[in-house]
Amino acid sequence: NFTATTDFFTGFGTLFPYSTLFLSLSRLREGAFGHYGAVLVGPDERRQLALVLSTERLAEVRPDHEGQHGMPLRKLLADLDLVEVPSEGDEHRDIDTWTDLKSL
């Protein structure tokens with residue numbers, strides 16, 4: 001499950017999985033300042049599915065309805081100037097099962 005929100009005052013939307021319990025959205029919002037957004041990066045330097053994006057810029061690069069079918073997210077985001085925000089602690093951990101939760 002994911003949540004997506006839009007802050008109409010800043011023009012930035014947020015996308016993150018509910019299972020990312022420790023994520024600090026304020027750090028992503030701060031990182032996005034002066035850019036088209038920010039993305040959380042784990043210790044393995046891989047981008048996580050936790051983003052803050054300019055809704056205006058996203059609308060500009062987003063293809064039409066038919067063009068969106070099967071489009072990888074990385075391709076959609078390729079032309080956006082996104083700041084990579086390193087995760088702190090367990091922010092990058094995805095918790096999908098009771099075993100995942102117990103391992104914290």
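Residues numbered from 1 in each chain as written. Predicted model: local features only at pLDDT ≥ 70, side-chain atom pairs only at ≥ 80, totals over all residues. Heavy atoms only, no water.

Q: Looking at this model, I keep getting lost on the pattern of salt bridges. Mind explaining?
A: Close approach of charged atoms lets side chains of opposite charge pair. In total, this model carries four salt bridges according to the counting rule given. In this structure, Asp 44 engages Arg 46 in a salt bridge whose closest nitrogen and oxygen atoms are separated by 3.7 Å. Arg 46 gets classed as exposed once you look at its relative accessible area, which sits at 57%. Salt-bridge contacts for Arg 57 lead to Glu 60; the nearest nitrogen and oxygen are separated by 3.1 Å. With a gap of three residues between them, Arg 57 and Glu 60 both fall in helix 2 (residues 55-61), about one helical turn apart. By relative accessible area, which is 51% here, Glu 60 ends up exposed. (Salt bridge = Lys/Arg side-chain N within 4 Å of Asp/Glu carboxyl O. Buried < 20%, exposed > 50% of the residue type's maximum accessible area, 1.4 Å probe, protein only. Helix = DSSP H or I, 4+ residues; strand = E, 2+ residues; numbered from the N terminus.)

Q: I would appreciate a short explanation of the packing of aromatic side chains in the present structure.
A: Any aromatic ring pair is given by two values, namely how distant the centres are and how the planes are angled relative to each other. For the coordinates displayed, the defined rule picks out zero aromatic pairs. Note that Arg 57 overlies the ring of Tyr 36, its terminal NZ or CZ placed 5.0 Å from the centroid. (Phe/Tyr/Trp six-rings, centres within 6.5 Å; stacked < 30°, edge-to-face > 60°. Lys NZ or Arg CZ within 6 Å of the ring centre and 35° of its normal.)

Q: How should the environment of Ala 32 be read in this particular structure?
A: When you line up the elements, Ala 32 lands in helix 1 (residues 25-32). The class of Ala 32 is buried, set by a relative accessible area of 1%. With 51 residues separating them in the primary sequence, Ala 32 and Val 83 have C-alpha atoms 6.3 Å apart.

Q: Explain the nonpolar core to me, please; I cannot follow it from the model alone.
A: In globular proteins that are soluble, nonpolar side chains generally tend to be buried together. With seven residues, the main nonpolar core is built from Leu 28, Ala 32, Ala 38, Leu 40, Ala 50, Val 52 and Val 85. Within the residue set of this core, elements represented by two or more residues are helix 1, strand 3 (37-41) and strand 4 (47-54). Formed by six residues, the second largest nonpolar core is a distinct cluster that contains Val 39, Leu 53, Leu 80 and Leu 82. (Core = buried A, V, L, I, M, F, W, Y, C linked by side-chain atoms within 4.5 Å.)

Q: For this particular structure, what's the right way to read the confidence of the model for the chain?
A: Regions with low pLDDT carry predicted coordinates that are not meant to be interpreted in detail. When pLDDT is averaged along the chain, the result is 77, and 69% of the positions lie at 70 or above. Put simply, strand 1 (residues 2-7) is where the chain has its lowest mean pLDDT, 49, and strand 5 (residues 82-86) is where it has its highest, 94. (pLDDT = per-residue confidence, 0-100.)

Q: Explanation requested: the pairing of strand 3 in the structure shown.
A: A regular strand places its side chains on the two faces of the sheet in alternate fashion. Counting buried positions over the five residues of strand 3 gives five, a clear majority of the element. With burial as the criterion, each face of strand 3 is covered, one bearing Gly 37, Val 39 and Val 41 and the other bearing Ala 38 and Leu 40. Bridging between strand 3 and strand 4 involves four bridges; their strand directions are antiparallel. Looking at strand 4, one finds that Val 39 is bridged to Leu 51. As consecutive antiparallel partners, strand 3 and strand 4 are separated by five residues, and within that stretch Glu 45 has a phi angle of approximately 65°, a positive value. Relative to strand 5, strand 3 runs parallel, the two sharing five bridges. (Pairing = 2+ DSSP bridges.)

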